[in-house]
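Each chain is listed here by its residues.
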Amino acid sequence: MSFVDLASLRIKYKSEKEIFLESSIERKEPISLFRKWMQDACETPEIIEPNAMCLATATKEAVPSARFVLLKDVTDEGFTFFTNYESRKADELAENAHVALAFYWLPLRRSVRIEGKAERISREASETYFHQRPRASQIGALASPQSKPIPSREFLDHKEKAIKEQLGPDGVVPLPNWGGYLVRPKTIEFWQGQTNRLHDRIRFRKELGANEAVDGTLLHQGEDGWVYERLAP
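Residues numbered from 1 in each chain as written. Predicted model: local features only at pLDDT ≥ 70, side-chain atom pairs only at ≥ 80, totals over all residues. Heavy atoms only, no water.

A. Region of the structure containing the environment of F204. Inspection of the secondary structure assignment puts F204 in strand β8 (residues 200-205). On the basis of relative accessibility, which here comes to 0%, the residue F204 falls in the buried class. When the C-alpha atoms of F204 and L231 are compared, they prove to be 11 Å apart, with 27 residues separating the residues in sequence. Dropping the residues within four chain positions of it, F204 is found in contact with I25, K28, E29, P30, L33, K186, T187, I188, F190, W226, V227 and Y228. (Helix = DSSP H or I, 4+ residues; strand = E, 2+ residues; numbered from the N terminus. Buried < 20%, exposed > 50% of the residue type's maximum accessible area, 1.4 Å probe, protein only. Contact = heavy atoms within 4.5 Å.)

B. Main features of the UniProt feature "domain: Pyridoxine 5'-phosphate oxidase dimerisation C-terminal" (unreviewed entry) in the protein. Under the feature "domain: Pyridoxine 5'-phosphate oxidase dimerisation C-terminal" (unreviewed entry), the UniProt entry names residues 178-233. Helix makes up 0% of residues 178-233 and strand 48%. Its end C-alpha atoms lie 39 Å apart. (UniProt positions renumbered as here; feature names shortened; annotations may be inferred.)

C. Quick peek at the pairing of strand β1 (residues 52-58). Pairing geometry for β1 and strand β2 (residues 64-70), over seven bridges, is antiparallel. The residue of β2 that forms the bridge with L55 is R67. Between the end of β1 and the start of β2, which pair antiparallel, lie five residues, with A62 showing a positive phi angle near 70°. Across three bridges, the pairing between β1 and strand β5 (residues 98-105) is antiparallel. Residue pairing across strands places L55 opposite L101, the latter belonging to β5. (Pairing = 2+ DSSP bridges.)

D. Looking closely at the packing of helix α4 (residues 135-143) against helix α5 (residues 153-167). At their nearest, the axes of α4 and α5 sit 9 Å apart, and the two run at 120° to each other. One way to sum up the angle between α4 and α5 is to call them oblique. Every pair of crossing elements has a handedness; the one defined by α4 and α5 is right-handed. Here R135, I139, L142 and A143 of α4 come into contact with α5, specifically with L156, K159, E160, I163, K164 and L167. The residue makeup of the contact of α4 with α5, split by class, is six nonpolar, no polar and four charged. (Axes fitted to C-alpha atoms, helices over the stretch in contact; angles between N-to-C directions. Parallel < 35°, antiparallel > 145°, perpendicular 65-115°, else oblique. Left-handed = near helix turned anticlockwise from the far one by under 90°. Nonpolar A, V, L, I, M, F, W, Y, C, P; charged D, E, K, R; others polar.)

E. Up close: the side chain of T44. The topology assignment puts T44 in the loop between α1 (30-42) and β1. Judged by relative accessible area, which is 12%, T44 ranks as buried. Look past the residues within four positions of T44 in its chain and what remains in contact with it is P107 and L108.

F. Inspection of unusual backbone geometry at higher detail. Of note in this structure, A62 is not a glycine but carries a positive phi near 70°. For A62, the location among the structural elements is in the loop between β1 and β2. Judged by its relative accessible area of 56%, A62 falls in the exposed class. Residues other than glycine seldom take positive phi values, yet S147 does so here, at roughly 75°. Position of S147 relative to the elements: it lies in the loop between α4 and α5.

G. Focus on helix α3 (residues 123-130). Turning to α3, its buried residues are S126, Y129 and F130. In an axial view of α3, the angular spread of the buried residues amounts to 100°, which keeps them on one side of the axis. Each element contacted by the buried residues of α3 is listed here: β4 (79-84), α4 and β7 (178-192). (Arc of directions from axis to C-beta.)

H. Focus on the nonpolar core. F34, F79, F103, W105, V112 and F190 are the most contacted members of the largest nonpolar core, which totals 35 residues. When residues of this core are traced back to their parent elements, those giving at least two are α1, β1, β4, α2 (88-95), β5, β6 (110-120), β7 and β8. Here the element with the most residues in this core is α1; it accounts for six residues. Aside from chain neighbours lying at most four places away, what touches F34 is L71, V74, F79, F103, W105, V112, I114 and F190. F130, I139, A141 and V173 belong to the second largest nonpolar core, which has ten residues in total. (Core = buried A, V, L, I, M, F, W, Y, C linked by side-chain atoms within 4.5 Å.)

Below is the structure:
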């Protein structure tokens, strides 16, 4: 069986009539723009999980790893996801709080990249969200020693069954070592693909380099402490 020619794979992106301009951004800050793009993604039937995002973490030695998780909240403070606090990602976040998030909404030909630092949210907030989840998901989180080696699939099934028998049909599922992280962004980049590969990239950031200044040509003053710039594709 011959393998597909990956080099030949190419799809059409946006047309020249659909470029992403700074003038289309109503408020010159990234959170409201992210909410707008997320809303567009949620209203696009072809996008099944619009809140799925790639989360990249790294050890203190800067060895990276990446996986997909679900965004569960976005506020002016940042982006929240939940996980087991004994997972690999949690171990790495304990060593190195710097993270990157990436969304890719192919039907819209759009992507968003976020860089910042992650911090645990309160236990109370984690517990509130945990008990809003379907009961089966709560039990699954309690049963799974995430990222740890296990002997078989049956191990999980037996553990899940034991928890169900112990709790009964109505017992409250106790919160395991599990909860949320808030990613406070320092950089948020919006990408929109163009068929001619002159893709649109507009980046917002909070921090300036030592020799940088807002000049209104390359670097522009935004709102809420953000500056923004257009990047070459």
